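Take a look at the letters that make up each chain.
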Amino acid sequence: VIAAIAIPSYQNYITRAGRTDGQTWLMTVMQAQERFYSQNQAYTANLGVGGLALTNPSGVAVATNGSLTSEDGRYTISAAACANAVIANCVTLTATAQGQQAARDTECGNLTLDSRGTKGESGTGNVDACW
């Protein structure tokens, strides 16, 4: 009986803890976007060479127009223009869940953050629960 309660609770905890990996990297990349904007007066969809020039936690540079892998490998981070806007004025970052995170986190799914501060999720839950 205890195992029937403890195992799902533990798995839920692991899923929520994994979600912070995506949130952390969204915030890290958004900080890099804001630095880029202050120097170039535009955001960029390019996280790699010729854009933000980020490196993955493993030390490997992000390819031109490639996505960044989060530290725990639970998410990949990509950038695009906000809906109804051009990339120079607004950028949306998306943390796409990978592997077990994608399979288990149907409540939040993929996480988003834009340069206007708007947070989002693609799952069955709501933004407040996911962020």
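What counts and what doesn't
Here the residue numbering is sequential within each chain, running from 1 through the sequence in written order. Only residues with pLDDT of at least 70 get local features here, since the model is predicted, and only at 80 or more are side-chain atom pairs given and counted; chain-wide, interface and lining totals rely on the full set of residues. Water and hydrogen atoms play no part in the side-chain values, which are based on all heavy atoms of the structure. Strands here mean DSSP runs of E at least two residues long; helices mean DSSP runs of H or I at least four residues long; both are numbered from the N terminus. For every residue, the accessible area obtained with a 1.4 Å probe (protein chains only) is divided by the maximum for its type, and the residue is called buried under 20%, exposed over 50%, and partly exposed between those limits. A contact between two residues is defined here by any heavy atoms of the two lying within 4.5 Å. Accessible surface is estimated by sampling points in the Shrake-Rupley manner with a 1.4 Å probe; for residues, cover comes only from the protein chains shown. Working convention for charge: Lys and Arg count positive, Asp and Glu count negative, and His plus the chain ends are omitted. We put the charge of a Lys on NZ, of an Arg on CZ, of an Asp on CG and of a Glu on CD. Only rings of Phe, Tyr and Trp enter the pairing, Trp through its six-membered ring, and a pair is recorded when the two centres are within 6.5 Å. The plane angle decides the type: under 30 degrees is stacked, over 60 is edge-to-face, the rest tilted. We call two N or O atoms a polar contact when they sit within 3.5 Å, provided that within protein one can donate a hydrogen and the other can accept it, with sequence-adjacent residues counted only if both atoms are side-chain atoms. Each salt bridge in this description consists of a side-chain nitrogen of Lys or Arg and a carboxyl oxygen of Asp or Glu lying within 4 Å of one another. A pair of strands counts as paired when DSSP detects no fewer than two bridges linking them.

This paragraph deals with the overall build of the protein chain. Along its length, the protein chain carries 3 helices and 5 strands. Start at the N end of the protein chain and walk to the C end: the helices and strands fall as α-β-β-β-α-β-β-α. Along the three orthogonal principal directions, the C-alpha set of the protein chain runs to about 60 × 30 × 20 Å. A burial count over the protein chain gives 36% of its 131 residues as buried. Of all intrachain contacts in the protein chain linking residues separated by at least 6 positions in sequence, the fraction that spans at least 24 positions is 40%. As displayed, the protein chain offers around 7100 Å² of accessible surface, 52% of which is attributable to carbon and sulfur atoms. Across the protein chain, the mean location of the 7 positive side-chain charges is 2 Å away from that of the 9 negative side-chain charges.

Moving on, we get to the packing of aromatic side chains. Two aromatic rings, taken as a pair, are described by how far apart their centres are and by the angle between their planes. With the rule as written, the count across this model stands at 1 aromatic pair. Considering the side-chain rings of Tyr37 and Tyr43, the 4.6 Å spacing of their centres and the 25° angle between planes classify their relative orientation as stacked. With a relative accessible area of 10%, Tyr43 lands in the buried category.

Our focus in this paragraph is the side chain of Gln101. The residue Gln101 is located in helix α2 (residues 99-104) in this model. Separated by 3.1 Å, the side chains of Gln101 and Arg74 make a polar contact. Those residues in contact with Gln101 that lie beyond four places of it in its chain are Thr15, Gly18, Arg19, Arg74 and Tyr75.

Let us look at the pattern of salt bridges. According to the stated counting rule, one finds 1 salt bridge in the structure shown. Among the salt bridges present, the one from Asp105 reaches Arg19, with a minimum N-O distance of 2.9 Å. Of this pair, Asp105 sits in the loop between α2 and β4 (111-114) while Arg19 sits in helix α1 (residues 2-40); the two residues are 86 residues apart in sequence, bridging distant segments of the chain. Like Arg19, Asp105 is buried.

What follows deals with the sheet that holds strand β5 (residues 119-121). Here 5 strands make up an open sheet; going across it, the order is β1-β2-β3-β4-β5 and the pairing antiparallel. In this open sheet, the two edge strands, each paired with only one partner strand, are β1 (68-69) and β5.

Now for unusual backbone geometry. Phi at Gln41 takes a positive value of approximately 55°, unusual for a residue other than glycine. Accessibility expressed as a relative area gives 54% for Gln41, which makes it exposed. In this structure, Asn65 is a non-glycine residue whose phi angle is positive, near 60°. Checked against the element boundaries, Asn65 lands in the loop between α1 and β1.

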